[in-house]
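Remarks on the overall topology
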Amino acid sequence: MYLGLDLGTSGVKALLIDAGQTVIGSGHASLDVSRPHPGWSEQNPADWIRACEEAIAELNASYPGQLAAVKGIGLSGQMHGATLLDAGDQVLRPCILWNDTRSHAEAAKLDADPRFRNLTGNIVFPGFTAPKLVWVKNNEPDVFAKVAKVLLPKDFLRLWLTGEHISEMSDSAGTSWLDVGKRGWSSDLLSATSLDQKQMPSLVEGTEKAGALRSELASKWGMQAGIPIAGGAGDNAASACGMGTVAAGQAFVSLGTSGVLFAANAAYLPNPESAVHTFCHALPDTWHQMGVILSATDSLNWLSEISGKGAGELTAELGDTLKAPTGVSFLPYLSGERTPHNDSAIRGAFTGLAHESSRAVLTQAAVEGVAFAFRDSLEALATAGTTLTRVTAIGGGSRSRYWLKAIATALGLPVDIPADGDFGAAFGAARLGMIAATGADPLRVCTAPATDATIEPVAALSNAYADAYQRYRLLYPAIKAATA
């Protein structure tokens, strides 16, 4: 057996697969996010450990004795979080999460230093780790003075599991401290944020061994001590391993809390001006590009809370047949936006509202707005040198066929739906655990699932969608000017 542990923003998932990569079962535990001030987003790392223990306990209870057969463990996690530890590995403050935008001024200042884009291949976004440390230095100097190690969320779990400070390339590429082309920490970039390599974890590839399970935990869970734990991956790279999106030209669209258009690359192809993320993949000598939307299903969740109807109820009101845009537009910038705007201050908007604008019309506009945000990412990827011919859909929002039809039509690309199964980040993490434990060929392990169905663009609505997208593109500068 092989175990994948995925530390997400809303929960921890523990997924067990056998040697044939059949999913045996899973356990889950929820997490909450603290937002003590506007733009802030934090979690207590102790809650990650609690949730991990609960998820494994649920798995153990449902499938007693199965964990005894585990030979390898892989980790996946939410990216960019700043987990600050003192010399005794004690947590100094709540982790500042990926969707926290308090360090926008610090990010802009770092981004003005040409070394950051030159070495990382990326804009320094407020959500990345480096500007968060500068914010801590500027606002919590007593905390900053005690920082002995900075760990990403999943690597804090690794410290608990193994006692070692280790990270890997895909997650570390989102810190703004990694030389992404050379796949190593940059002393220059660390120095620019008053840090050095001693405060960073050591680095491995995601497929390599990165510590072994402590005997205390192995005994508690009925597992063997010393089981190798793979380097693992950031959540999107792990999902790509689960989806088999590991070779050039392969791509997926993820409709989760945030949205991602992810493309695998065989070479390092940076183009930071497009606001596309260019990161290391979890496999050696492989990179990937991502367009990122900060509020994808979160947009529908917000509308659900406002309207008092569940997200599934809202999309059900739209039916199965894709409708032409109504003239009501929605900008899904509820917490700012990454690709293509790199704007932490912009906020969302509905435009074109009228007396006849029903709840269903607002839902349709929200669905279309997220689809058009993915179109923005597709255009940005093209600017960065990546051309896509089709994408595979993953994430909770992909259960809505209406939404997938909107995305296919907005992108002008077929959208493949994988056959039933769990191919997300936890599955990708389990695959990485298998590779680290067995030395198997990553390309033979990280294969694509069978396609259950393909959603084609609705040709009859392509012109209407093109017109609506052009209206959508005009709204960002107008809203920006009105709120400046």
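Below or above, wherever it landed, is the structure these notes cover. (Residues numbered from 1 in each chain as written. Predicted model: local features only at pLDDT ≥ 70, side-chain atom pairs only at ≥ 80, totals over all residues. Heavy atoms only, no water.)

**A short note on helix α2 (residues 104–111)**
- When α2 is considered as a whole, its buried residues turn out to be E106, A107, L110 and D111. In an axial view of α2, the angular spread of the buried residues amounts to 135°, which keeps them on one side of the axis.
- Looking at the packing, one finds that the buried side of α2 touches α3 (114–120), α4 (129–139) and α8 (187–192). (Buried < 20%, exposed > 50% of the residue type's maximum accessible area, 1.4 Å probe, protein only. Helix = DSSP H or I, 4+ residues; strand = E, 2+ residues; numbered from the N terminus. Arc of directions from axis to C-beta. Contact = heavy atoms within 4.5 Å.)

**So, the nonpolar core**
- With 65 residues, the main nonpolar core has L84, L133 and W177 as its most contacted residues.
- Core analysis: the next-biggest nonpolar cluster, separate from the first, contains 55 residues, L300, A349, A373 and Y465 among them. (Core = buried A, V, L, I, M, F, W, Y, C linked by side-chain atoms within 4.5 Å.)

**Focus on helix α11 (residues 297–307)**
- Within α11, burial applies to T297, S299, L300, L303 and S304. The arc that holds every buried residue of α11, seen down its axis, measures 150°, which confines them to one face. Pointing more than 90 degrees away from the buried face of α11 are the exposed residues E305 and I306.
- On its buried face, α11 sits against β16 (251–255), α12 (311–316), β20 (329–331), α13 (359–383) and α14 (401–411).
- Where α11 ends, the next residue or the one after it, G308, has phi of about 75°, a positive value.

**Regarding the pattern of salt bridges**
- A full pass over the atoms with the stated rule returns 21 salt bridges.
- The salt bridge involving E140 is made with R93; its shortest N-O contact spans 2.6 Å. Of the two residues, E140 is situated in the loop between α4 and α5 (141–145) and R93 in the loop between β6 (83–85) and β7 (95–96); the sequence distance between them amounts to 47 residues. R93 carries the same exposure label as E140, and that label is buried. (Salt bridge = Lys/Arg side-chain N within 4 Å of Asp/Glu carboxyl O.)

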